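Here are the chains, one letter per residue:
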Amino acid sequence: MDNEVIKAILERRSIRSFKPEPVPDGVLDTILQAGSFAPTANGTQAWHITAIVGQEKIAELDAKLKESSKIEGFDRYRKFVSGAYTINFKNGPVFVIVGSHRTESVCPVEDGTLVLGNILLAAHALELGACWINQLVAVGEEPGFRSYLTSLGFPATHLVIGSAVIGIPASPHPKAHKRKPGQINVVN
Ligand SMILES: Cc1cc2nc3c(=O)[nH]c(=O)nc-3n(C[C@H](O)[C@H](O)[C@H](O)COP(=O)(O)O)c2cc1C
């Protein structure tokens, strides 16, 4: 089918290596706006997006995340956080964190996931690359990491639902994986 939206959906891939160049401001604004137009349960729009721009700030996030991941009880990623390991931000120049309001959102996980889904797709449609990065969810409620999030302007009222790196892809775009057969059931 010759349709730009469908084409973008069918061709999008997770991109994990980036050129050092920044994402132009106008392009980032459009990507974030695409996120903001995701549907929300009951139309609450009870999400929040914090976009962290630039390697210096992202390195700071990496350090805080490492520190918090080492704390007992928040140790899902502990095995990865020793030495010089970087929490897999793939050196992208933009990192977005999506949250949903703890009480105002009727379906916080679904709302935030759709916001992030729009962001990933919009980045691809605008010839950038993006990848969901899962590690923040595990430490989103750890007090030290939470106060760092608050210092960035991420509201205390919001749960971390997901995050993603965005940048200019360093390699040619890979083809989409084949889809598993037998998982779509159409009943007439
Ligand atoms: C909920 C979720 C969490 C993910 N977490 C990570 C992650 O932490 N690091 C990463 O490199 N990719 C992560 N991914 C990307 C998946 O690995 C990727 O979507 C999958 O391998 C399919 O590849 P594709 O996106 O290129 O089609 C995540 C994807 C989803 C939906």
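Everything in this summary refers to the structure shown in the same document.

What counts as what
Residues numbered from 1 in each chain as written. Predicted model: local features only at pLDDT ≥ 70, side-chain atom pairs only at ≥ 80, totals over all residues. Helix = DSSP H or I, 4+ residues; strand = E, 2+ residues; numbered from the N terminus. Buried ≥ 20, exposed ≤ 12 C-beta atoms within 10 Å, placed from the backbone. Axes fitted to C-alpha atoms, helices over the stretch in contact; angles between N-to-C directions. Left-handed = near helix turned anticlockwise from the far one by under 90°. Contact = placed C-beta atoms within 7 Å. Nonpolar A, V, L, I, M, F, W, Y, C, P; charged D, E, K, R; others polar. Core = buried A, V, L, I, M, F, W, Y, C linked by C-beta atoms within 7 Å. Near = placed C-beta within 6 Å. Parallel < 35°, antiparallel > 145°, perpendicular 65-115°, else oblique. Pairing = 2+ DSSP bridges.

**Observations concerning the overall build of the protein**
For step 1, the next point in the chain: Helix and strand counts for the protein stand at six helices and four strands.
For step 2, the next point in the chain: Along its sequence from the N terminus, the protein presents helices and strands in the succession α-α-β-α-β-α-β-α-α-β.

**Observations regarding the environment of Ile52**
For step 1, the next point in the chain: By secondary structure assignment, the location of Ile52 is in strand β1 (residues 47–53).
For step 2, the next point in the chain: Residue classification places Ile52 among the partly exposed positions, given that 19 C-beta atoms sit within 10 Å.
For step 3, the next point in the chain: Counting along the chain gives 44 residues from Ile52 to Val96, while the straight-line C-alpha distance between them is 6.1 Å.

**Observations regarding the packing of helix α2 (residues 25–36) against helix α4 (residues 108–125)**
For step 1, the next point in the chain: With their axes 7 Å apart at the nearest point, α2 and α4 run at an angle of 145 degrees to one another. Note that α2 runs across α4; the crossing there is right-handed. Taken together, the residues of α4 that come into contact with α2 (itself represented by Thr30, Ile31, Ala34 and Gly35) are Val115, Asn118, Ile119, Ala122 and Ala123.
For step 2, the next point in the chain: In terms of residue class, the contact of α2 with α4 is built from six nonpolar, three polar and no charged.

**What about the nonpolar core?**
Nonpolar side chains tend to gather and get buried jointly when the protein is soluble and globular.
For step 1, the next point in the chain: Among the nonpolar cores identified, the biggest contains 34 residues, and Val96, Ile119, Ala123, Ala130, Ala164 and Ile166 are the most heavily contacted of them.
For step 2, the next point in the chain: Looking at this core, the elements with two or more residues in it are α2, α3 (55–69), β2 (94–101), α4, β3 (129–133), α5 (135–139), α6 (143–152) and β4 (158–167).
For step 3, the next point in the chain: Of the residues forming this core, the biggest block, seven residues, is contributed by α4.
For step 4, the next point in the chain: Apart from residues lying up to four places away in sequence, Ile119 is in contact with Ile31, Ala34, Gly35, Val96, Ala130 and Ala164.

**A word on the site of the ligand**
For step 1, the next point in the chain: Taken together, 10 residues lie near the ligand, and Arg13, Ser14, Trp132, Ile133 and Asn134 sit nearest.
For step 2, the next point in the chain: Each residue belonging to the shell around the ligand can be placed in one class, and the counts come to three nonpolar, five polar and two charged.

**Thoughts on unusual backbone geometry**
For step 1, the next point in the chain: Phi at Gln45 takes a positive value of approximately 45 degrees, unusual for a residue other than glycine.
For step 2, the next point in the chain: Within the element layout of this structure, Gln45 appears in the loop between α2 and β1.

**Things to note about the packing of α3 against α6**
For step 1, the next point in the chain: At their nearest, the axes of α3 and α6 sit 8 Å apart, and the two run at 160 degrees to each other. Taken together, the axis directions place α3 and α6 in an arrangement best described as roughly antiparallel. Listed contacts from α6 to Lys64, Leu65, Glu67 and Ser68 of α3 are Gly144, Phe145 and Tyr148.
For step 2, the next point in the chain: Across the contact of α3 with α6, the residue classes break down as three nonpolar, two polar and two charged.

**Description of the sheet that holds β4**
For step 1, the next point in the chain: Strands sit in the order β1-β2-β4-β3 across an open sheet of four strands; the sheet is antiparallel. The sheet is open, and its two edges are formed by β1 and β3, each paired on a single side. Taken pair by pair, the neighbouring strands of this sheet meet at an average axis angle of 25 degrees, ignoring direction.
For step 2, the next point in the chain: Looking at chain direction, β3 and β4 are connected through five bridges and run antiparallel. Bridge assignment links Ala130 to a residue of β4, and that residue is Ile166.
For step 3, the next point in the chain: With respect to the sheet, α2 is in contact with β1, β2 and β4, its orientation differing from that of β1 by roughly 160 degrees.
For step 4, the next point in the chain: Most of the contacts of α3 go to β1, to which it runs at about 115 degrees, and overall it touches β1 and β2.

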